[in-house]
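Tertiary structure, described
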Number of protein chains: 2
Amino acid sequence: MHQRGILIVISGPSGAGKGTICKALLERNKFWFSVSATTRKPRKGETEGISYYFLDRKEFVDRIEKEDFLEYAEVYGNLYGTPKSKVDEMLDKGIDVILEIDIQGALRVKEKVSDGVFIFILPPSMEELKNRIIKRGSETPESLMTRFKSAYQEINYVSKYNYAVVNDTVKEAVEKIESILIAEKCRVDRIKETILESKEGLMHEQLYD
Amino acid sequence: MHQRGILIVISGPSGAGKGTICKALLERNKFWFSVSATTRKPRKGETEGISYYFLDRKEFVDRIEKEDFLEYAEVYGNLYGTPKSKVDEMLDKGIDVILEIDIQGALRVKEKVSDGVFIFILPPSMEELKNRIIKRGSETPESLMTRFKSAYQEINYVSKYNYAVVNDTVKEAVEKIESILIAEKCRVDRIKETILESKEGLMHEQLYD
């Protein structure tokens, strides 16, 4: 039974720990990690096709017109987007694809990929969320409070997702995501056709062999 | 976060291996196994409250009138049913309940418990299904073929279920069911309220402590 791969979207507020979870998921499993395209110039140490696909603005805009992005956005004058053709290629091969993306991006992807699995990563507590935001940068107390309040507000978007996983420990969160994937592969909505087709085949063998 | 237990309905055609899977699930996990009520007389070795709740016909009919059954049916002159109050009591305590039941019974339960998890157990192949049906009993070739064809037809009901698990090996099937349960406990539909409530509580601490 060849099953199409599943697009797993890992998303959630800044500071919830999406990046660490995705890194741990990739170490343990056979996923393909979706790489973004950008018009931003490569920084030192960044590799084409691994860090990003680096495109010039004309190429990027051409691809937008060809609808080759699951979503895209402009941030501080640079375009960023999730290339559709590469994701589709992997899914067609039966390989599951992980996409780590912010909430606004995830909601745009959801409009196009309704059978994706949308997982919202929650920080273990607001206290911990604040600590993580503090650890990240040398920001002023005001900008920290703004970022914290914004992350707090973002938690309301959980209702747009299929699953919510609390990032108590990375190990537990990764195990839950792996269970979600196993469960999704047993969902009747996804495999009904395959079951009914294979049933017909088997009955045929049974009766006429 | 106190979460209500989940009603897990294990169902599927005769010969798929429901009973073996439920037994293995109960050995590995902390579930409560729903015990049926019946008006049939106890057989040797059967224990009240473990094999069945044995009721006389008047008691059973009283309970039907009080709507204390998730489902019931009459088979060869005896009534069989799934008591509702006991299942609710366990779910309220946060304990997951397993109900092993045939397809017709499962569909009746689904009308009443829409947030139950309905899992359809599939035999590894039609060949294997036939072998298992043959193993069970000293039936005539005609009645075997009837039972096999009926089990074959029953597979069409898979589309009414949430999940389908192929019983290749009991170990793998049990692991899949355990993953399904972990995933269900992360479903946003089930835990949205809890997340948003706990968010409010934590923000309050954060700002005013």
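Note: the structure precedes this text.
Quick notes on the rules
- Residues numbered from 1 in each chain as written.
- Chains lettered and ligands numbered in written order.
- Predicted model: local features only at pLDDT ≥ 70, side-chain atom pairs only at ≥ 80, totals over all residues.
- Pairing = 2+ DSSP bridges.
- Helix = DSSP H or I, 4+ residues; strand = E, 2+ residues; numbered from the N terminus.
- Axes fitted to C-alpha atoms, helices over the stretch in contact; angles between N-to-C directions.
- Contact = placed C-beta atoms within 7 Å.
- Buried ≥ 20, exposed ≤ 12 C-beta atoms within 10 Å, placed from the backbone.

The next point concerns the sheet that holds strand E9 (residues 163–166) of chain A. Residue and element names in this part refer to chain A. An order of E2-E7-E1-E8-E9 is seen for the five strands of this open sheet, with the pairing classed as parallel. Both outer strands of the open sheet, strand E2 (31–33) and E9, are each paired with one neighbouring strand and no more. Neighbour-to-neighbour, the strand axes of this sheet turn through a mean angle of 25°, independent of strand direction. Note that strand E8 (residues 117–122) and E9 share four bridges and pair parallel. If you follow leucine 122 over to E9, its bridge partner there is valine 166. The sheet contacts of helix H1 (residues 18–28) involve strand E1 (7–11), E2, strand E7 (96–100) and E8, and relative to E7 the element is tilted by about 160°. The sheet contacts of helix H3 (residues 84–92) involve E1, E2 and E7, and relative to E7 the element is tilted by about 145°.

Across the contact, 29 residues belong to chain B and 29 residues belong to chain A. For the side of chain B that touches chain A, the elements supplying multiple residues, two or more each, are helix H5 (126–136), strand E9 (163–166), helix H7 (170–184) and helix H8 (188–208) of chain B. The biggest single contributor to the side of chain B that touches chain A is H8 of chain B, with eight residues.

So, about the environment of serine 36 of chain A. Residue and element names in this part refer to chain A. As for its placement among the helices and strands, serine 36 is situated in the loop between E2 and strand E3 (37–38). Exposure remark for serine 36: the 19 C-beta atoms within 10 Å place this residue in the partly exposed category. A sequence separation of 33 residues divides serine 36 from phenylalanine 69, and the C-alpha atoms of the two residues are 9.6 Å apart. Non-local contacts of serine 36, meaning those with residues more than four positions away in its chain, are made with Tyr52, Tyr80, Gly81 and Thr82.

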